[in-house]
Amino acid sequence: MQAVIYKILPFDAMTGTTIKFSWNGNQAFKNHCVIRNNETNEIVYDQTTDSFKLEHKIDLEKAQLVNGKRYHAFITVLDKDGKESDSQPLGEPFLCLKTPVFRFTNLVKNQSISSSSYEFSLEYTQENGELLDSWSISVYTKNHTLLSTSGVKYDTAKLKHVISGFTNKNEYLVQAVGTTVNGCSLDTGDIPISVTYSVSSIFSILEPTNLRDVGAIQIKSNIVSSEGHLEKEPGIYIDNEYLDLRDNTLTYSEGFLFDKDFSLVLRFYGLGPNQQILNMQDEAGYLKAIVTHRIIKNQDREFVSLFELRVTSSWYSSVFYSNPLPLLSLTDEVGLCIIRQNNLYQIETAKLTGGESLCF
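So, a few notes on the structure that sits alongside this text. (Residues numbered from 1 in each chain as written. Predicted model: local features only at pLDDT ≥ 70, side-chain atom pairs only at ≥ 80, totals over all residues. Heavy atoms only, no water.)

We now examine the packing of aromatic side chains. Taken as a whole and judged by the stated rule, the model has nine aromatic pairs. A centroid spacing of 6.4 Å and a plane angle of 75° characterise the contact between Phe120 and Phe166, whose relative ring orientation is edge-to-face. Of this pair, Phe120 sits in strand β10 (residues 117–125) while Phe166 sits in the loop between β13 (160–164) and β14 (170–180), and the two are 46 residues apart along the sequence. We note that Phe120, like Phe166, is buried. Pairing Phe166 with Tyr172 gives two aromatic rings, centres 5.1 Å apart and planes at 65°, and the pair type is edge-to-face. (Phe/Tyr/Trp six-rings, centres within 6.5 Å; stacked < 30°, edge-to-face > 60°. Helix = DSSP H or I, 4+ residues; strand = E, 2+ residues; numbered from the N terminus. Buried < 20%, exposed > 50% of the residue type's maximum accessible area, 1.4 Å probe, protein only.)

This is the structure we're talking about:
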């Protein structure tokens, strides 16, 4: 009766490997491993290990393995009485290879990317001439949920791939894996990155058209006029800059669409605790979003201000909170930004008192 040796993947002769096998005979008390050079049939390893496990870890101090060479491994099993099983007639072939270099050439741990897309570049080298068979690049959330992948690629001449869709002010994990032609597994491991980039708002793109028959130029713009209506007229303005809504409501029902991806920026001051400052809903009334100013105590038992965004879709509600701000006074100016992308919401605030610019 013979043990059956499982396939031995290529490994570095300097780091060794563990040879695993199956056995259906008496309880194994020891196993005996012999390795021969494939070309010369010379024995380069001969060692017996006391173990109940059906595996044999190569003792590197007693092995004469060289990278770039091919070998055959033979395993026999010894029971409690020292009775040894038959050896395999041909043995299991394997190859020793120097550990390949497989890494990103333009990415390091905790790197910050300043764009919503990035072209990742890989490097593969192996000093024994082992060729790369396939590779892939994947991006995950911090919880290791897959967001995007290149899929398995077999073009090894150009190890580059562009991944898009990075969300501003988020963190990700990037990983590349591969396989050589002889089955050696490659893995860069998870590399954490952050994404921070500036988002420019384009309020108007002008499209000129030459009307040569009438000697004029027609100009089109993407500006959509949105006119708000006050509940109580006339409205009261403060310093010709702010509209006083402390005892009033401003409604936009035209030129404003609460749908798909969007961003909304507001600037205001004079808030009270638990005051609702914004109420949005779609035309059918199934989707609603309400922003409320809250005052809470932080971990240091200090009062702080933050903003609660409650989104209700049909009968389901989700609540999102902004970053906390020092407790706001009635004269503190505040900038608030709401972003929805791929049905995910984000709310951020900034205290603008003192002439700070409104920038998120």
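A few words on the pattern of salt bridges. Within this structure, the stated rule accounts for 10 salt bridges. The salt bridge partner of Lys30 is Asp50, with a shortest N-O separation of 3.8 Å. Of this pair, Lys30 sits in strand β3 (residues 30–37) while Asp50 sits in strand β4 (residues 43–50); the two residues are 20 residues apart in sequence, bridging distant segments of the chain. Taking relative accessible area as the criterion, Asp50 reaches 61% and is therefore assigned exposed. Members of the salt-bridge network, linked through shared partners, are Arg294, Glu308 and Arg310. (Salt bridge = Lys/Arg side-chain N within 4 Å of Asp/Glu carboxyl O.)

Pairing in this open sheet of three strands is antiparallel, and the strands run β8-β10-β13 from one edge to the other. On the outer flanks of this sheet lie β8 (101–104) and β13, each paired with one strand and no other. Looking at each pair of strands side by side, their axes are set apart by 20° on average, direction ignored. Bridge count for β10 against β13 is five bridges, and the pairing is antiparallel. (Pairing = 2+ DSSP bridges. Axes fitted to C-alpha atoms, helices over the stretch in contact; angles between N-to-C directions.)

Attention now moves to the environment of Leu245. With respect to the helices, strands and loops of the structure, Leu245 is situated in the loop between β21 (242–243) and β22 (250–252). Relative accessible area serves as the criterion here: at 35%, Leu245 is assigned to the partly exposed category. In sequence terms Leu245 and Leu230 are 15 residues apart; their C-alpha atoms lie 9.0 Å from each other. Sequence-distant contacts of Leu245, that is, excluding residues within four places in its chain, are made with Leu230 and Leu250. (Contact = heavy atoms within 4.5 Å.)

With respect to the helices, strands and loops of the structure, Ser150 is situated in the loop between β12 (146–149) and β13. Once residues lying within four places of it in the same chain are set aside, the contact partners of Ser150 are Ser136, Ile137 and His161.

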